[in-house]
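Tertiary structure, described
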Amino acid sequence: MRFTSLATVVAVAAAPLVQGANWAVSVGAGNAFAFSPTTITPAVGDTVTFTFLTRIHSATTTTFTSPCPPPVGGVGPGGFDTDFQDATTGTTPNVTITITDTNPHWVSCRQAAGAHCRAGMTMAINPTAAQTYEQFLANAKAS
Ligand SMILES: *[C@@H]1O[C@H](CO)[C@@H](O)[C@H](O)[C@H]1NC(C)=O
Ligand SMILES: [Cu+2]
């Protein structure tokens, strides 16, 4: 009886208090320099799983105005950098990050000194009316 009670307490303590949604983002589908979808709107506690399908890419947070290349480690707070993920050897790596705020986060690939980013390999997390994905993409192509 005593053992049963302890096991119950441990199980409850280990369970997450809030189960967020997961947002699936493909990276490099069809060999393209692209994330899909290009905009997601997660809440705090949600997760984002990047699945790297081709080539070698990263998903790295950067700035809205000067996107390319994103810096190693990504732009924060609330930023991230999946580092380079190699999908050329028959596996499709997954990297999952947890969303810690609802501020806009601008994501691009840091491969090839920003060449993938300038080719349009970008996506937005929680863009706003003032800062849109379309303008971020335009900034990336111009940077
Ligand atoms: C990544 O996730 C996809 C989709 O769930 C899965 O098919 C693939 O096997 C995963 N990759 C690895 C390396 O586990
Ligand atoms: Cu890339």
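Residues numbered from 1 in each chain as written. Chains lettered and ligands numbered in written order. Predicted model: local features only at pLDDT ≥ 70, side-chain atom pairs only at ≥ 80, totals over all residues. Heavy atoms only, no water.

**Topic: the coordination of the copper ion (ligand 2)**
- Bound to the copper ion (ligand 2) on the protein side are His57 (ND1), Cys109 (SG) and His116 (ND1), at distances that span 2.0 to 2.1 Å.
- Counting the intervening residues between successive donors of the copper ion (ligand 2) yields the motif H-x51-C-x6-H. In this pair, His57 is assigned in strand β5 (residues 56–57) and His116 in helix α2 (residues 115–118), connecting sequence segments 59 residues apart.
- Using a relative accessible area of 0% as the deciding quantity, one classes His57 as buried. (Donors = N, O, S within 2.8 Å, 3.2 Å for Na, K, Ca; no water. Helix = DSSP H or I, 4+ residues; strand = E, 2+ residues; numbered from the N terminus. Buried < 20%, exposed > 50% of the residue type's maximum accessible area, 1.4 Å probe, protein only.)

**Observations concerning the sheet that holds strand β9 (residues 105–108)**
- On the basis of which strands lie adjacent, the open sheet formed by four strands has the order β3-β10-β9-β6 and mixed pairing. Lying at the two open borders of the sheet, with one neighbouring strand each, are β3 (39–40) and β6 (60–62).
- As paired strands, β6 and β9 are joined by three bridges and run antiparallel to one another. The residue of β9 that forms the bridge with Thr62 is Trp106.
- Sheet strands touched by helix α3 (residues 133–142): β3, β6, β9 and β10 (122–125). Its angle to β10, the strand with the most contacts, is close to 145°. (Pairing = 2+ DSSP bridges. Contact = heavy atoms within 4.5 Å. Axes fitted to C-alpha atoms, helices over the stretch in contact; angles between N-to-C directions.)

**A look at the pairing of strand β4 (residues 47–52)**
- Extensive coverage of β4 is indicated by the burial of five of its six residues.
- Pairing between strand β1 (residues 22–27) and β4: six bridges, direction parallel. Along β4, the bridge assignment pairs Val27 with Phe52.

**With respect to the packing of aromatic side chains**
- Taken as a whole and assessed by the stated rule, the structure comprises six aromatic pairs.
- Seen from their ring centres, Phe64 and Phe136 are 6.4 Å apart, and the 20° between their planes marks the pair as stacked. One end of the pair, Phe64, is in the loop between β6 and β7 (85–86); the other, Phe136, is in helix α3, with 72 residues separating them in the sequence. Across the pair, exposure class does not vary: Phe64 and Phe136 are buried alike. (Phe/Tyr/Trp six-rings, centres within 6.5 Å; stacked < 30°, edge-to-face > 60°.)

**So, unusual backbone geometry**
- Look at the link from Ser36 to Pro37: it is a cis peptide, with omega at 0°.
- Summarising the element assignment, Pro37 is placed in the loop between β2 (35–36) and β3.
- Residue Cys68 is joined to Pro69 through a cis peptide bond whose omega torsion reads -10°.
- For Arg55, which is not glycine, the phi dihedral falls at a positive 50°.
- With a phi angle near 55°, Asn126 is a residue other than glycine that sits in the positive phi range.
- Position of Asn126 relative to the elements: it lies in the loop between β10 and α3.

Note that all results are geometric; they support no functional claim without further evidence.
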